[in-house]
Amino acid sequence: MFNLFPLFSANTAIFNDAPQPWQLGFQDGASPTQEGITELHDSIFFYLVVICFGVLWVLSSVIVNFNSNKSQLVYKYANHGTLIELIWTITPALVLIAIAFPSFKLLYLMDEVISPSMTVKVAGHQWYWSYEYSDFINEDGESIEFDSYMVPETDLENGQLRLLDVDNRVVVPIDTHIRFIVTGADVIHDFAVPSLGLKIDAVPGRLNQTSVLIEREGVFYGQCSEICGVYHGFMPIAIEAVTPEKYLAWIDSQA
Amino acid sequence: MAEETVEIKTAPADFRFPSQNQTKHCFTRYFEYHKCLKAKGEISNECEKYAKYYRSLCPLEWIQKWNEQRDQGIFAGPL
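What you see is a predicted model, and the numbers here were worked out from it, not measured in a lab. (Residues numbered from 1 in each chain as written. Chains lettered and ligands numbered in written order. Predicted model: local features only at pLDDT ≥ 70, side-chain atom pairs only at ≥ 80, totals over all residues. Heavy atoms only, no water.)

A. Main features of the overall build of chain A. Helices and strands together make up the secondary structure of chain A, namely 3 helices and 10 strands. Ordering the α and β elements of chain A from the N terminus gives α-α-β-β-β-β-β-β-β-β-β-β-α. Computed over C-alpha atoms, the radius of gyration of chain A comes to 25 Å, more than 25% over the 18 Å expected from 2.2 N^0.38 for 255 residues, which places it beyond the range of a compact globule. Each of the three principal axes of chain A carries a C-alpha extent, and together these read 90 × 45 × 40 Å. (Helix = DSSP H or I, 4+ residues; strand = E, 2+ residues; numbered from the N terminus. Rg over C-alpha atoms; globule rule 2.2 N^0.38 Å.)

B. Geometry of the side chain of A:Gln27. Residues and elements named next belong to chain A. Positionally, Gln-27 belongs in the segment before helix H1 (32-65). One polar contact links Gln-27 to Ser-195, side chain to side chain, over a distance of 3.1 Å. Gln-27 has contacts with Asn-16, Asp-17, Ala-18, Pro-19, Gln-34, Pro-194, Ser-195 and Tyr-221, leaving out every residue within four places of it along the chain. (Polar contact = N/O pair within 3.5 Å; in protein donor to acceptor, adjacent residues only side chain to side chain. Contact = heavy atoms within 4.5 Å.)

C. Quick look at the interface of chain B and chain A. Across the boundary between the two partners, chain B contributes 20 residues, which contact 26 residues of chain A. Of the roughly 2000 Å² buried between chain B and chain A, counting both surfaces, carbon and sulfur atoms make up 55%. Here chain B is connected to chain A by 0 salt bridges. Summed over the shared surface of chain B and chain A, the result is 11 residue pairs in polar contact (both at pLDDT 80 or more). Contributions of two or more residues to the side of chain B that touches chain A are made by helix H1 (23-40), helix H2 (48-57) and helix H3 (60-72) of chain B. The element best represented in the side of chain B that touches chain A is H2(B), accounting for 3 residues. Grouping the constituent residues of the side of chain B that touches chain A by class yields 11 nonpolar, 7 polar and 2 charged. (Buried area = accessible area lost by both parts, 1.4 Å probe. Salt bridge = Lys/Arg side-chain N within 4 Å of Asp/Glu carboxyl O. Nonpolar A, V, L, I, M, F, W, Y, C, P; charged D, E, K, R; others polar.)

D. Expanded view of the UniProt feature "transmembrane region" (unreviewed entry) in chain A. Residues annotated by UniProt as "transmembrane region" (unreviewed entry) correspond here to residues 44-66 and 86-108 of chain A. Helix and strand shares over residues 86-108 of chain A are 100% and 0% respectively, and the end C-alpha atoms of the span are 33 Å apart. (UniProt positions renumbered as here; feature names shortened; annotations may be inferred.)

E. Representation of the sheet that holds strand S9 (residues 218-223) of chain A within the structure. Residues and elements named next belong to chain A. Taken together, 3 strands build an open sheet; the order of strands is S4-S10-S9 and the sheet is mixed. Each of the sheet's edge strands pairs with one partner strand only, and the pair in question is strand S4 (170-173) and S9. Each strand axis lies, on average, 25° off the axis of its neighbour in the sheet, ignoring direction. In this structure, S4 lies alongside strand S10 (residues 236-242), joined through 4 bridges in parallel fashion. Following the sheet pairing, Pro-173 is matched in S10 by Val-242. Contacts from helix H3 (residues 244-254) reach S4 and S10 within the one sheet, and its direction differs from that of S4 by about 135°. (Pairing = 2+ DSSP bridges. Axes fitted to C-alpha atoms, helices over the stretch in contact; angles between N-to-C directions.)

F. Structural view of a negative patch on the surface. Together, A:Asp140, A:Glu142, A:Glu145, A:Asp147 and A:Asp167 give the surface a local cluster of negative charge. Relative to the helices and strands, A:Asp147 is located in strand S3 (residues 144-148). (Patch = residues over 30% accessible without salt bridge, like charges linked within 9 Å, V, L, I, M, F, W, Y side chains within 5 Å. Areas by Shrake-Rupley, 256 points an atom, 1.4 Å probe, with all protein chains shown as cover. Lys, Arg positive; Asp, Glu negative; His and termini not counted. Charge placed at Lys NZ, Arg CZ, Asp CG, Glu CD.)

This is how it looks when you write it as C-alpha coordinates:
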(Lines give C-alpha, C1' and ligand atoms only; values in the text may rest on other atoms or scores of the structure.)
Protein backbone atom coordinates (compact mmCIF):
# COMPACT_ATOMS: atom_id res chain seq x y z
CA MET A 1 0.00 0.00 0.00
CA PHE A 2 1.43 3.36 -0.91
CA ASN A 3 2.55 5.71 1.81
CA LEU A 4 0.86 8.82 0.57
CA PHE A 5 1.41 10.80 3.77
CA PRO A 6 5.15 10.98 4.52
CA LEU A 7 4.87 13.06 7.65
CA PHE A 8 8.43 12.68 8.84
CA SER A 9 10.29 12.88 5.56
CA ALA A 10 11.57 16.28 4.55
CA ASN A 11 12.58 15.15 1.06
CA THR A 12 9.30 13.75 -0.19
CA ALA A 13 6.73 16.09 -1.62
CA ILE A 14 3.04 15.32 -1.72
CA PHE A 15 1.76 15.73 -5.24
CA ASN A 16 -1.67 16.86 -6.25
CA ASP A 17 -2.83 13.90 -8.35
CA ALA A 18 -6.50 14.10 -7.45
CA PRO A 19 -8.97 16.99 -7.58
CA GLN A 20 -8.89 19.33 -4.57
CA PRO A 21 -11.81 21.40 -3.28
CA TRP A 22 -11.81 24.89 -4.84
CA GLN A 23 -8.81 23.98 -6.96
CA LEU A 24 -8.01 26.60 -9.61
CA GLY A 25 -4.94 25.24 -11.37
CA PHE A 26 -4.04 21.96 -13.00
CA GLN A 27 -3.16 18.87 -11.03
CA ASP A 28 0.58 18.20 -10.78
CA GLY A 29 1.85 16.63 -13.96
CA ALA A 30 3.41 13.19 -14.01
CA SER A 31 4.00 12.80 -17.70
CA PRO A 32 5.67 14.86 -20.44
CA THR A 33 2.24 15.38 -22.05
CA GLN A 34 0.79 17.04 -18.99
CA GLU A 35 3.90 19.11 -18.47
CA GLY A 36 3.60 20.31 -22.06
CA ILE A 37 -0.06 21.18 -21.58
CA THR A 38 0.65 23.09 -18.37
CA GLU A 39 3.56 24.95 -19.96
CA LEU A 40 1.49 25.95 -23.01
CA HIS A 41 -1.39 27.03 -20.79
CA ASP A 42 0.83 29.12 -18.55
CA SER A 43 2.59 30.91 -21.41
CA ILE A 44 -0.68 31.69 -23.24
CA PHE A 45 -2.20 32.82 -19.95
CA PHE A 46 0.58 35.35 -19.44
CA TYR A 47 -0.13 37.08 -22.75
CA LEU A 48 -3.85 36.71 -22.13
CA VAL A 49 -3.53 38.72 -18.91
CA VAL A 50 -1.49 41.40 -20.69
CA ILE A 51 -4.09 41.73 -23.45
CA CYS A 52 -6.95 41.61 -20.98
CA PHE A 53 -5.35 44.38 -18.92
CA GLY A 54 -4.84 46.47 -22.06
CA VAL A 55 -8.42 46.06 -23.24
CA LEU A 56 -9.87 46.80 -19.81
CA TRP A 57 -7.67 49.89 -19.56
CA VAL A 58 -8.98 51.24 -22.86
CA LEU A 59 -12.56 50.35 -22.01
CA SER A 60 -12.48 51.93 -18.55
CA SER A 61 -10.71 55.05 -19.90
CA VAL A 62 -13.46 55.56 -22.41
CA ILE A 63 -16.19 54.97 -19.86
CA VAL A 64 -14.65 57.26 -17.28
CA ASN A 65 -13.53 60.08 -19.54
CA PHE A 66 -16.24 60.16 -22.14
CA ASN A 67 -19.48 59.57 -20.27
CA SER A 68 -22.28 62.04 -20.86
CA ASN A 69 -21.64 63.94 -17.62
CA LYS A 70 -18.06 64.73 -18.62
CA SER A 71 -18.28 65.27 -22.34
CA GLN A 72 -21.30 66.52 -24.34
CA LEU A 73 -19.64 65.77 -27.70
CA VAL A 74 -21.36 63.02 -29.61
CA TYR A 75 -19.79 61.71 -32.81
CA LYS A 76 -23.14 60.93 -34.36
CA TYR A 77 -21.89 60.21 -37.88
CA ALA A 78 -18.69 58.33 -37.13
CA ASN A 79 -19.47 55.19 -39.12
CA HIS A 80 -16.02 53.88 -39.92
CA GLY A 81 -12.34 54.34 -39.23
CA THR A 82 -10.37 52.17 -41.61
CA LEU A 83 -7.00 52.37 -39.88
CA ILE A 84 -8.25 51.42 -36.44
CA GLU A 85 -10.39 48.65 -37.87
CA LEU A 86 -7.35 47.24 -39.64
CA ILE A 87 -5.35 47.39 -36.40
CA TRP A 88 -7.94 45.68 -34.26
CA THR A 89 -8.50 42.91 -36.83
CA ILE A 90 -4.92 42.11 -37.76
CA THR A 91 -3.49 42.25 -34.24
CA PRO A 92 -5.77 39.52 -32.84
CA ALA A 93 -5.14 37.41 -35.96
CA LEU A 94 -1.40 37.68 -35.33
CA VAL A 95 -1.93 36.78 -31.68
CA LEU A 96 -3.88 33.69 -32.70
CA ILE A 97 -1.21 32.64 -35.17
CA ALA A 98 1.42 33.05 -32.45
CA ILE A 99 -0.66 30.82 -30.16
CA ALA A 100 -1.19 28.26 -32.90
CA PHE A 101 2.50 27.41 -33.37
CA PRO A 102 3.26 25.95 -29.93
CA SER A 103 -0.27 24.59 -29.66
CA PHE A 104 -0.10 22.54 -32.85
CA LYS A 105 3.41 21.43 -32.00
CA LEU A 106 2.18 20.01 -28.70
CA LEU A 107 -0.91 18.53 -30.31
CA TYR A 108 1.07 16.57 -32.88
CA LEU A 109 3.66 15.54 -30.33
CA MET A 110 0.90 14.13 -28.15
CA ASP A 111 -0.39 12.10 -31.09
CA GLU A 112 2.93 10.38 -31.72
CA VAL A 113 3.08 6.78 -30.55
CA ILE A 114 6.42 5.61 -31.83
CA SER A 115 7.42 2.48 -29.99
CA PRO A 116 5.36 1.51 -27.01
CA SER A 117 6.65 -1.15 -24.63
CA MET A 118 3.28 -2.33 -23.44
CA THR A 119 -0.39 -2.08 -24.28
CA VAL A 120 -3.29 -1.77 -21.87
CA LYS A 121 -6.76 -2.16 -23.30
CA VAL A 122 -9.49 -0.16 -21.61
CA ALA A 123 -13.21 -0.70 -22.14
CA GLY A 124 -15.82 1.65 -20.75
CA HIS A 125 -19.04 0.06 -19.59
CA GLN A 126 -22.14 1.36 -17.87
CA TRP A 127 -20.86 2.10 -15.22
CA TYR A 128 -17.35 0.77 -14.65
CA TRP A 129 -14.09 0.32 -16.51
CA SER A 130 -12.54 -2.98 -17.51
CA TYR A 131 -8.88 -3.47 -18.30
CA GLU A 132 -7.00 -6.11 -20.25
CA TYR A 133 -3.28 -6.70 -20.27
CA SER A 134 -2.79 -9.07 -23.19
CA ASP A 135 0.93 -8.72 -23.86
CA PHE A 136 1.47 -11.66 -21.56
CA ILE A 137 -0.53 -14.82 -21.81
CA ASN A 138 -0.32 -17.42 -19.05
CA GLU A 139 -0.14 -21.18 -19.63
CA ASP A 140 -3.89 -21.39 -20.15
CA GLY A 141 -3.73 -18.80 -22.91
CA GLU A 142 -5.49 -16.22 -20.75
CA SER A 143 -4.54 -12.61 -20.41
CA ILE A 144 -4.94 -10.48 -17.31
CA GLU A 145 -8.32 -8.84 -17.22
CA PHE A 146 -10.34 -7.26 -14.45
CA ASP A 147 -13.14 -4.82 -13.81
CA SER A 148 -12.72 -1.64 -11.82
CA TYR A 149 -15.68 -0.35 -9.85
CA MET A 150 -15.86 2.75 -7.69
CA VAL A 151 -15.73 2.09 -3.95
CA PRO A 152 -19.21 3.03 -2.67
CA GLU A 153 -19.32 5.70 0.01
CA THR A 154 -20.51 3.26 2.65
CA ASP A 155 -17.48 1.03 2.05
CA LEU A 156 -14.81 3.71 2.12
CA GLU A 157 -11.90 3.10 4.48
CA ASN A 158 -10.00 5.89 6.24
CA GLY A 159 -7.86 7.83 3.81
CA GLN A 160 -9.72 6.73 0.69
CA LEU A 161 -11.08 9.37 -1.63
CA ARG A 162 -14.85 9.57 -2.16
CA LEU A 163 -15.93 9.13 -5.81
CA LEU A 164 -12.33 8.47 -6.85
CA ASP A 165 -11.05 5.28 -5.26
CA VAL A 166 -11.71 1.97 -6.97
CA ASP A 167 -11.51 -1.67 -5.99
CA ASN A 168 -8.92 -2.65 -8.62
CA ARG A 169 -6.43 -0.07 -9.79
CA VAL A 170 -4.61 -0.08 -13.12
CA VAL A 171 -1.04 -0.96 -12.18
CA VAL A 172 1.60 0.21 -14.64
CA PRO A 173 5.37 0.71 -14.48
CA ILE A 174 7.05 4.12 -14.46
CA ASP A 175 9.48 5.26 -17.16
CA THR A 176 7.83 2.94 -19.66
CA HIS A 177 6.11 4.00 -22.85
CA ILE A 178 2.59 2.66 -22.40
CA ARG A 179 -0.03 2.54 -25.13
CA PHE A 180 -3.69 2.64 -24.08
CA ILE A 181 -6.26 1.24 -26.49
CA VAL A 182 -9.61 2.60 -25.41
CA THR A 183 -13.04 1.48 -26.52
CA GLY A 184 -16.59 1.50 -25.26
CA ALA A 185 -18.74 -1.52 -24.71
CA ASP A 186 -22.16 0.08 -24.77
CA VAL A 187 -22.29 3.87 -25.01
CA ILE A 188 -19.60 6.52 -25.40
CA HIS A 189 -17.47 7.07 -22.31
CA ASP A 190 -14.23 9.01 -21.91
CA PHE A 191 -11.04 7.84 -20.25
CA ALA A 192 -9.53 10.88 -18.55
CA VAL A 193 -6.64 11.16 -16.09
CA PRO A 194 -5.63 14.84 -15.72
CA SER A 195 -2.27 14.28 -14.03
CA LEU A 196 -1.10 12.22 -16.97
CA GLY A 197 -2.62 14.47 -19.63
CA LEU A 198 -4.92 11.66 -20.77
CA LYS A 199 -8.35 12.26 -22.19
CA ILE A 200 -9.68 10.03 -24.91
CA ASP A 201 -13.17 9.01 -25.92
CA ALA A 202 -14.19 5.40 -25.45
CA VAL A 203 -16.40 4.81 -28.50
CA PRO A 204 -18.13 1.48 -29.19
CA GLY A 205 -16.79 -0.13 -32.36
CA ARG A 206 -13.64 1.99 -32.38
CA LEU A 207 -10.19 1.60 -30.84
CA ASN A 208 -8.66 4.88 -29.83
CA GLN A 209 -4.96 4.92 -29.15
CA THR A 210 -3.17 7.19 -26.73
CA SER A 211 0.13 6.89 -24.97
CA VAL A 212 1.73 7.96 -21.77
CA LEU A 213 5.10 7.86 -20.05
CA ILE A 214 4.71 8.18 -16.31
CA GLU A 215 7.66 9.91 -14.68
CA ARG A 216 7.04 9.22 -11.00
CA GLU A 217 5.42 6.69 -8.71
CA GLY A 218 2.03 7.47 -7.29
CA VAL A 219 -1.68 6.97 -7.72
CA PHE A 220 -3.34 9.13 -10.37
CA TYR A 221 -7.07 9.61 -10.39
CA GLY A 222 -9.49 10.49 -13.14
CA GLN A 223 -13.17 10.34 -13.93
CA CYS A 224 -15.33 9.39 -16.88
CA SER A 225 -15.63 12.47 -19.05
CA GLU A 226 -18.50 11.74 -21.43
CA ILE A 227 -22.09 11.57 -20.26
CA CYS A 228 -23.07 7.94 -20.25
CA GLY A 229 -26.12 7.50 -18.05
CA VAL A 230 -27.17 7.86 -14.46
CA TYR A 231 -23.88 6.76 -12.90
CA HIS A 232 -21.63 8.73 -15.23
CA GLY A 233 -20.17 10.51 -12.21
CA PHE A 234 -19.47 7.28 -10.39
CA MET A 235 -17.06 5.40 -12.61
CA PRO A 236 -13.62 6.76 -11.77
CA ILE A 237 -10.20 5.67 -12.94
CA ALA A 238 -7.22 5.07 -10.66
CA ILE A 239 -3.81 4.40 -12.20
CA GLU A 240 -1.10 3.19 -9.83
CA ALA A 241 2.40 3.73 -11.17
CA VAL A 242 5.05 1.53 -9.57
CA THR A 243 8.66 0.57 -10.22
CA PRO A 244 9.12 -1.99 -12.99
CA GLU A 245 10.09 -4.63 -10.41
CA LYS A 246 6.88 -4.16 -8.44
CA TYR A 247 4.94 -4.17 -11.72
CA LEU A 248 6.41 -7.53 -12.72
CA ALA A 249 5.62 -8.90 -9.27
CA TRP A 250 2.04 -7.69 -9.67
CA ILE A 251 1.80 -9.33 -13.10
CA ASP A 252 3.00 -12.61 -11.60
CA SER A 253 0.41 -12.39 -8.86
CA GLN A 254 -2.39 -11.79 -11.34
CA ALA A 255 -1.54 -14.47 -13.86
CA MET B 1 23.14 -12.08 -7.59
CA ALA B 2 22.54 -12.77 -11.25
CA GLU B 3 19.88 -10.45 -12.62
CA GLU B 4 17.42 -11.67 -15.20
CA THR B 5 16.66 -9.33 -18.03
CA VAL B 6 12.97 -9.20 -18.62
CA GLU B 7 11.97 -7.84 -21.98
CA ILE B 8 8.52 -6.40 -22.27
CA LYS B 9 7.24 -5.74 -25.72
CA THR B 10 3.98 -5.29 -27.47
CA ALA B 11 2.51 -4.85 -30.92
CA PRO B 12 4.71 -2.20 -32.56
CA ALA B 13 3.35 1.01 -34.02
CA ASP B 14 2.41 0.28 -37.63
CA PHE B 15 3.12 3.00 -40.18
CA ARG B 16 0.02 1.91 -42.10
CA PHE B 17 -2.06 3.16 -39.18
CA PRO B 18 -0.32 6.26 -37.90
CA SER B 19 -3.20 8.01 -36.18
CA GLN B 20 -5.46 7.68 -33.20
CA ASN B 21 -7.96 5.26 -34.71
CA GLN B 22 -6.44 1.81 -34.41
CA THR B 23 -9.56 -0.20 -35.29
CA LYS B 24 -8.23 -1.20 -38.68
CA HIS B 25 -4.84 -2.01 -37.15
CA CYS B 26 -6.36 -4.59 -34.81
CA PHE B 27 -8.57 -6.01 -37.57
CA THR B 28 -5.64 -6.21 -40.01
CA ARG B 29 -3.42 -8.06 -37.53
CA TYR B 30 -6.24 -10.50 -36.81
CA PHE B 31 -6.84 -11.51 -40.40
CA GLU B 32 -3.11 -11.39 -41.20
CA TYR B 33 -2.65 -14.10 -38.60
CA HIS B 34 -5.39 -16.26 -40.01
CA LYS B 35 -4.21 -15.71 -43.57
CA CYS B 36 -0.74 -16.75 -42.43
CA LEU B 37 -2.17 -19.88 -40.83
CA LYS B 38 -3.98 -20.73 -44.02
CA ALA B 39 -0.82 -20.22 -46.05
CA LYS B 40 1.75 -21.77 -43.73
CA GLY B 41 -0.34 -24.28 -41.85
CA GLU B 42 -1.37 -24.56 -38.20
CA ILE B 43 1.80 -26.28 -37.07
CA SER B 44 4.35 -23.65 -38.09
CA ASN B 45 5.42 -21.02 -35.56
CA GLU B 46 5.99 -18.24 -38.01
CA CYS B 47 2.50 -16.89 -37.56
CA GLU B 48 2.90 -16.58 -33.80
CA LYS B 49 4.15 -13.02 -34.14
CA TYR B 50 0.85 -11.91 -35.72
CA ALA B 51 -1.05 -13.77 -33.03
CA LYS B 52 0.75 -11.80 -30.32
CA TYR B 53 0.04 -8.55 -32.13
CA TYR B 54 -3.68 -9.05 -32.51
CA ARG B 55 -4.03 -10.31 -28.95
CA SER B 56 -2.31 -7.19 -27.65
CA LEU B 57 -4.42 -4.82 -29.66
CA CYS B 58 -7.90 -6.29 -29.95
CA PRO B 59 -10.42 -6.46 -27.11
CA LEU B 60 -11.17 -10.04 -26.13
CA GLU B 61 -14.85 -9.52 -26.87
CA TRP B 62 -14.06 -8.63 -30.47
CA ILE B 63 -11.74 -11.63 -30.87
CA GLN B 64 -14.40 -13.99 -29.55
CA LYS B 65 -17.00 -12.51 -31.87
CA TRP B 66 -14.74 -12.82 -34.89
CA ASN B 67 -13.80 -16.40 -33.97
CA GLU B 68 -17.49 -17.28 -33.87
CA GLN B 69 -18.02 -15.57 -37.20
CA ARG B 70 -15.17 -17.50 -38.76
CA ASP B 71 -16.62 -20.76 -37.43
CA GLN B 72 -19.94 -19.88 -38.97
CA GLY B 73 -18.34 -18.75 -42.22
CA ILE B 74 -19.67 -15.20 -41.96
CA PHE B 75 -16.43 -13.40 -41.16
CA ALA B 76 -16.15 -10.18 -43.16
CA GLY B 77 -12.38 -10.11 -43.53
CA PRO B 78 -10.42 -11.14 -46.65
CA LEU B 79 -9.59 -14.69 -45.57
